[in-house]
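Structural overview for review
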Amino acid sequence: MIRAAAVTAATAAGIVLLLSLKPQEDPAATAAPPIPAPSRESAPGGSASAPEPTGRVSGSFVGDTVETRQGPVQVRATLADGRLTAVQVVKGLHDEGPSADAVPRLTERALAAQNAQIDAVSGATYTSQGYISSLQSALDRARA
């Protein structure tokens, strides 16, 4: 009986230690390059328009509305010279419970990564999934 309790305690301690480990990431290796500007074949008048001098996208791009169990989520991504500079939630009331802390943390992660390939916030899985999906669609629009 004592042996079984000791084995169970040791196993639980081992699992807790394994779950607390996080892989080490090199920020330089995970940073995405700036988003290139879309090529413009012709302007509405039929003449070719010149690309931006920097060749990089600037502007605000609204992502898809993503329905979650916690309600809809839609974000607007702002890019300046191909760099993600801001992300705002434009649809969805996520200011209560775990979601209240999730949006600023998700925004911080997205700005650091310069893309939508970020980890979800624990306790706010649905909000995180909606935020990430909407952000990815906004960035896809910026590339289109």
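Cut-offs applied
- Residues numbered from 1 in each chain as written.
- Predicted model: local features only at pLDDT ≥ 70, side-chain atom pairs only at ≥ 80, totals over all residues.
- Heavy atoms only, no water.
- Helix = DSSP H or I, 4+ residues; strand = E, 2+ residues; numbered from the N terminus.
- Buried < 20%, exposed > 50% of the residue type's maximum accessible area, 1.4 Å probe, protein only.
- Contact = heavy atoms within 4.5 Å.
- Areas by Shrake-Rupley, 256 points an atom, 1.4 Å probe, with all protein chains shown as cover.
- Pairing = 2+ DSSP bridges.
- Core = buried A, V, L, I, M, F, W, Y, C linked by side-chain atoms within 4.5 Å.
- Expected span 1.5 Å × (residues − 1).
- Salt bridge = Lys/Arg side-chain N within 4 Å of Asp/Glu carboxyl O.
- Polar contact = N/O pair within 3.5 Å; in protein donor to acceptor, adjacent residues only side chain to side chain.

This part covers the overall build of the chain. The secondary structure content of the chain amounts to four helices and four strands. Each of the 144 residues in the chain was classed as buried or not, and the buried ones make up 30%. Within the chain, contacts between residues at least 6 apart in sequence are counted, and of these 46% link residues at least 24 apart. As displayed, the chain offers around 9300 Å² of accessible surface, 57% of which is attributable to carbon and sulfur atoms.

Every other side chain in a regular strand lies on the same face of the sheet, so the side chains alternate between the two faces. Counting buried positions along strand β3 (residues 71-80) yields seven of ten residues, so the element is predominantly enclosed. Sheet topology places strand β2 (residues 66-68) next to β3; three bridges connect them, and they run antiparallel. Bridging from a neighbouring strand, Glu67 pairs with Pro72 of β3. As consecutive antiparallel partners, β2 and β3 are separated by two residues. Where β3 lies against strand β4 (residues 83-91), seven bridges are found, and the strand directions are antiparallel. From the neighbouring strand, Val75 faces β4, where its bridge partner is Val89. Counted along the chain from β3 to the antiparallel partner β4, the turn is two residues long, and its residue Asp81 has a positive phi close to 55°.

Right, let's get into the nonpolar core. Grouped together as the largest cluster of nonpolar side chains are 23 residues, with contacts concentrated most on Ala77, Leu79, Leu84, Ile118, Tyr131, Leu135 and Leu139. Take this core: its biggest share by element is six residues, from helix α4 (residues 125-143).

We now examine the environment of Glu67. Examined against the element boundaries, Glu67 turns out to sit in strand β2. The class for Glu67 is exposed, based on a relative accessible area of 60%. Taking the C-alpha atoms as reference, Glu67 lies 9.2 Å from Tyr126; in sequence the two are 59 residues apart.

This next bit is on α4. The end-to-end C-alpha separation of α4 is 27 Å, in line with the 27 Å expected for 19 residues at 1.5 Å each. If you check which residues of α4 are buried, you get Thr127, Ser128, Gly130, Tyr131, Ile132, Ser134, Leu135, Ser137, Ala138, Leu139 and Ala142.

Inspection of the entire model under this criterion finds three salt bridges. In this structure, the salt-bridge partner of Arg105 is Asp101, at a minimum N-O distance of 3.0 Å. With Arg105 and Asp101 both in helix α3 (residues 98-113), this residue pair falls four residues apart, about one helical turn. Asp101 gets classed as partly exposed once you look at its relative accessible area, which sits at 40%.

Take the environment of Asn115 next. Mapped onto the elements, Asn115 comes out in the loop between α3 and α4. It is 9.3 Å that separates the C-alpha atoms of Asn115 and Arg83, two residues lying 32 residues apart in sequence. A polar contact is formed between the side chain of Asn115 and the backbone nitrogen of Gln117, at a distance of 2.8 Å.

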